[in-house]
Structures are given as C-alpha cells and as structure tokens.
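Summary of structural features
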Amino acid sequence: MTAFLLGAAAFILGTVALGLVRILRGPGNADRMLAAQLLGTGGVAALLLLGVATGVGAVSEVGLLLALLAAFGSVAFVTGAGRASDASATDSGTQGAARSEPE
Amino acid sequence: MTSALVVDAALILLVLGLALWITAARAAYGAAVGFVAYGLLLTLVWVRLAAVDVAMTEAALGSGLTGLLLLGAAARLAPYEAAEHQRRPGLGLRVLVGILCAAIAAGLAAVVLLLPDPAPSQALAVAAHLPATGLGNPVTGVLMAYRAVDTLLESVVLVPALIGVWSLSTEMSWGGRPGFLTPCRSGSALPLLARMLPPFGILVGIHLVWAGADDPGGKFQGAAVLAAMWILVMVAGLREPPPVSDRLMRFLLVVGPLCFIGIGAAGIRLAGAFLAYPEAYAKPLIIAIEVGLTISVTAVLGLLLAGPPVPEPQYQRQSRRRS
Amino acid sequence: MSLALDLFTIVAVTLGAIFFLAGTVGLLRFPDTLTRLHALTKADNLGLGLVVLGLLPQATAPLGWIGLIAVWLLALLSGATVGQLLAEAVRPPEWDQTRTPDAPPDVHPNAPEASSHD
C-alpha cells in the first residue's frame, strides 16, 4: 500500500509536470497561469498521498497550505492584469497583460 | 531505491529547466507567472529534503504573497519594458555574468558534495538541550532559543523595510492610505472568495503559530497565511487598507519586536544574559514572543504589499476607476 | 475488511490519477484558453476528490478524515473562483457589448471571426 501510494504520488507529479510545457508554449500569460494552477492542485494531491504513505502529518499540512493559497496566484494574475491596464492607460482593457504577446 | 532517484532526478530537471525559462523569458509578466510555478516546485523539493518547516514557508509565501508582489510589479513595469529591453547589456557581458554565476553555483555544489560523511552538525546538541526549553520542534528551538538574537534582528529589520516602502510616496500623500491594492474588478467571484476563505485562513494561521512549538509550523508561516487573507480582503474591496498615520496600526507593527526586546532585557535580570529564559518559564515566554511577532509580521507583510501611501482623493479616484 | 478497503483505495486513487492525466492532456491539447480552463477544473474537482476519497480509509480517526475533506473543499472553492477569474480575464473585450442580457449568443466566443482573439 505504501509503495502504491508513493507511486501514485510520483505519477500525479509527473503528469502535472508535463503540463508545465504549457508555460513554454502557451500563447498568452493566462495559459501559463493555468499550468501553474494545475501544478498546484497536483502538488496538493501528491503531498496528501505522501503524507498518508509516510505517516508524517506535517506533509499533509503542507498540502493543506497549498490548497488554502491555491487561488492566490490567479488572484494576483488577474489584479496584476488590471493594474497593467491602469499603468499604460490605454483602452486595450484589462485583458492586455492577461493575453499579452507570445514569447 | 531507484524510484526515489527517478523522482529526484525529475524534480531537479524540472527546477533547472523552469529556472532557465524564467531567465530567458522576454516579458516580465510571463516570467513572474513562471516564478509562481517555480515556488510550487521548490515546495516539493523541500518536502523531499525532509525540511517541512521550510516547505510550509515556501508554500505560504511563494504561492501567496510573492506572486502578488512580482505580478503587480511586472504589471506596473509593462509600459517601460520595450525601452528597457533596448538598453540591456550586450551579449558578451551577459555571457560573462552567466559564467560567473555558474562558477559560484558549482563552488557551492562542490562544498556541499565534498562534505565529510557524516557531515559536521549541531543536531545532536540541539536535540539534547531541547527538553529544557519545553519545545518539541527543533526548528523552533533553534529560532527562538538558541539563535534568538538572529530572530530578533530579523523581526526588527522588517519595520525599516516597511518605512522604506512608505518613503516612496510623495510629500503630499504622507498620511494617506496605501494605494497598490485598490480593488480593480467588479465581478462577484473575488468578493465571494474574500468572504469565504479568510475564516479558514485565520484558523489555519493561528493553528500554525500554536502548533509550531511541537510540530512543523511557527510564527512566520502563520503570519504569512494571515497576511495573505488580509491582502485578499483588501484586493477584493471589502476593507480598505489603514492610513499610514493610524496609531493603532503603528502600535501593532512594533508590538512584536518590543515584546521580544522586553523579554530579552528581562532575561538579563532573571537568567543572567540577554534573551536567556528563566528555566521554568521558557515555554510561556517563547509563546508570548511568538504571538506578538505573529501580529507584527502579519501587519508588516500586509502593508509591504499595500505599497506607499497615496493622497486621499487619488485613492478614491483609483478605486472608482477600477471598479 | 482491510483488503476491501485497500482495494477501494487503489481503485479510487488510480481513477484520480487518470483524471489528473486527463486534465494535463486537456491543458496541452485543447485549442483555446477557455477550453483548457475547463480541463483544469476537472482535474481539480474529480482528480483531487477521488484521491481524497481513496485516502479516507487509510487516514487515522475522524480528525484525519476532516483534514482530508477540508483540503478537498478548499480546493473546490479555489478552483471554482479561479475558473471565474481567469475566464473573465481572457474574455474578448467585445463580449459584453454584443449581447443583450437575455439573448443567446449568436457568435461563439472562440469562433475564428472574433476580432481580437489570439
């Protein structure tokens, strides 16, 4: 059971890490934020599995922290996008930085 | 244990690859998003290294506050980026800097890898003296008892940092409310989150501070979570940041370091040295210091992200324009 | 009894891992930000939910269960909000102006003729 849980944790981590390719390619910054979000959720799942497998309760607490603060990256992303439109004072709307130029 | 080796190798490759991408990214905004993902990867690395306290700090700061700080900064710098890109140093200088950084990294790696096995460590001494402090978590023991002076200086230095941020305001706006976190959306998702999440966040934050005595946790992780909740409430527009001239807020900023210094000075009379704890009262004193520091660090972190004050009419204008 | 519980754990966690895989494949292969967001929220809800469900028999006492379910509920709340926030951020700017409040949309937001779309 322990080996299975550890293997599942490694598999989930590997899977969401593949999603990081979207950070490389994603035509807009919102796509990159999606990849970071998926990594966060996968990290929570992997940490929960790891915590139960090893019996160390603190690891599950790290997972709890990640789940609690999971939304903050996107909140920062969205409010930052709003501030970008303010700073440049253009009419491109708040989508300017969120869907900004491809790299 | 080859499966552990595979996982470690994959983590290392991911961290290095993402770091390379962040360095090479052209727009600061994309790089900041990459950095948020980088923080999540580092949390996993710290857990893999069995440094759970550091993993908690990385989770609390990296996914919450650092992302907000960097993305806000990148957003403000966006109009100036093209000009900055024109003026950046030439390829030769950048290659030279890259080689220098790689040399330093290689030196550090050599130092760590060439340590004698078992490496010299104070862990046994820490574990031997820990019961005298009444604590169960050796990290908290080191931070609050053995190296309390370091922690004191760290908590004191936060206040000048905040004053530095405040000093970026203009003469006329002194005394106004901090202006970086004015709400900028009128949709209902963000206020909903800001109403539902903070109760849990406050509970988790207080739990982290209390549990830090015996389990991984502590005042800094707890304060980071509490500050994140406060910032969420401010960003969603449910509460306004306090004006920088507010006396209660200023008192809360310094109550932690003052508590620390006071107990430290009392230690001169009661236990013979600055920041020495009398034997029977060690744990209650440490907890008192931690509570005070939690309050102060929360206030400082929240206000650091709230930015320098802006004059009141401009604050109203910003709020109205963005909503 | 414990064999049945272990089997339940294995099945649930495997299904959860499959949903994470589906979420990643969706993130990499779907053509558009909004559809990728859809895939992401499925991984959030079902992937994490099945993993938590599978871990319930392995966790200690009622306190462990409450902790696991609390993590899942927090992830649900965050995922729902993040979905709304990001979708609002990538919505084309003329999306509001072309619709009357009760009329169904007559142009799909991801259609090629939407003007300022990447």
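The rules we used
- The residue numbers shown here count from 1 along each chain, following its written sequence.
- Starting at A for chains and at 1 for ligands, labels are handed out in the order in which the entities are written.
- For a predicted model such as this one, the threshold for reporting local features is a pLDDT of at least 70, and the threshold for listing and counting side-chain atom pairs is 80 or more; totals across whole chains, interfaces and linings nevertheless cover every residue.
- Under the DSSP-based scheme used, a helix requires at least four consecutive residues in state H or I and a strand at least two consecutive residues in state E, with every element numbered from the N terminus.
- Any two residues are considered in contact once their C-beta atoms, placed from the backbone, lie within 7 Å.
- Residue count minus one, scaled by 1.5 Å, sets the expected span of a helix.
- Working definition of burial: number of other C-beta atoms within 10 Å of the residue's own, with buried at 20 or more, exposed at 12 or fewer, and partly exposed in between, all C-beta atoms being placed from the backbone.

**So, the environment of B:L303**
All names here are of chain B. Relative to the assigned elements, L303 resides in helix 12 (residues 282-306). Here the alpha-carbon distance between L303 and Q86, two residues 217 residues apart in the chain, equals 34 Å. Not counting residues up to four positions away in its chain, the partners in contact with L303 are L162 and P178.

**A look at the interface of chain B and chain A**
Contact with chain B, which involves 49 residues of that partner, is made by 46 residues of chain A. Taken together, the elements giving at least two residues each to the side of chain B that touches chain A come down to helix 1 (2-24), helix 2 (28-48), helix 3 (52-77), helix 9 (189-211) and helix 10 (219-235) of chain B. Per-element tally for the side of chain B that touches chain A: the top contributor is helix 3 of chain B, with 14 residues.

**Comments concerning helix 12 of chain B**
The first and last C-alpha atoms of helix 12 of chain B sit 36 Å apart over 25 residues, in line with the 36 Å expected at 1.5 Å per residue. Here helix 12 of chain B lies mainly inside the structure; 19 of its 25 residues are buried.

**Some words on unusual backbone geometry**
Residues and elements named next belong to chain B. For A50, which is not a glycine, the phi torsion comes out positive at approximately 65°. A positive phi angle, close to 65°, is found at L275, a residue other than glycine. Examined against the element boundaries, L275 turns out to sit in the loop between helix 11 (247-271) and helix 12. We classify L275 as buried; it has 22 C-beta atoms within 10 Å.

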